[in-house]
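What the coordinates show
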Amino acid sequence: MSEQLIKAMQRNQLLNMMYVAKNGSITKRQIKIIKVVGDSFQAFCFTRQAKRTFLISNVLAITPVIRKEREVV
């Protein structure tokens, strides 16, 4: 998982993430990774509009955000 996070950080990608919070609730967040350190990473969370630190072990899934561009006719 940490390799995927590092690649996303290097590519400057936005990610959708499913995450288990400390209280056991599952949240879906859109994030942009700032740095990966040991067993955690820091990211800007667009859901909370703030920098957050996440544990890699609590990440259930990550997928890149795919933007569809609209054609101007």
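In what follows, the accompanying structure is described. Just so it is clear, the structure is predicted and the values come from calculations on it, not from any experiment.

Rules of the game
Residue numbers here run from 1 along each chain, matching the order of that chain's written sequence. In keeping with the predicted nature of the model, local features appear solely for residues at pLDDT of at least 70, side-chain atom pairs appear and are counted solely at 80 or more, and the whole-chain, interface and lining totals rest on all residues. To get the side-chain values, all heavy atoms of the structure are used, and hydrogens and water are removed first. Any two rings among Phe, Tyr and Trp, with Trp reduced to its six-membered ring, count as a pair given centres within 6.5 Å; such a pair is stacked if its planes are under 30 degrees apart, edge-to-face if over 60, and tilted if neither. Here a helix means four or more residues in a row that DSSP labels H or I, a strand means two or more in a row labelled E, and each is numbered from the N terminus. When a residue's accessible area, from a 1.4 Å probe over protein chains only, is under 20% of the maximum for its type it is buried; when over 50% it is exposed; and in between it is partly exposed. Exposure above 30% relative accessible area and the lack of any salt bridge qualify a residue for a patch; like charges then connect within 9 Å, and the nonpolar side chains Val, Leu, Ile, Met, Phe, Trp and Tyr within 5 Å. What sets the accessible areas is the Shrake-Rupley method with a 1.4 Å probe; for residues, cover comes only from the shown protein chains. Definition used for salt bridges: Asp or Glu carboxyl oxygen within 4 Å of a side-chain nitrogen of Lys or Arg.

**Here we look at the packing of aromatic side chains**
Under the counting rule described, the total for this entry stands at 3 aromatic pairs. With a centroid separation of 5.0 Å and 75 degrees between ring planes, the pair formed by Tyr19 and Phe54 is classed as edge-to-face. Of this pair, Tyr19 sits in strand β1 (residues 14-20) while Phe54 sits in strand β4 (residues 50-55); the two residues are 35 residues apart in sequence, bridging distant segments of the chain. Take Tyr19 and Phe54: they sit in the same class, and that class is buried. Chaining the aromatic ring pairs together yields one cluster made of Tyr19, Phe41 and Phe54.

**Topic: a nonpolar patch on the surface**
Taken together, the side chains of Met18, Ile26 and Leu60 make up a nonpolar region of the molecular surface, amounting to roughly 270 Å² of accessible area. Mapped onto the fold, Leu60 is located in strand β5 (residues 59-64). Overall, the relative accessible area of 48% leaves Leu60 in the partly exposed class.

By themselves, these figures tell us nothing about what the structure is for.
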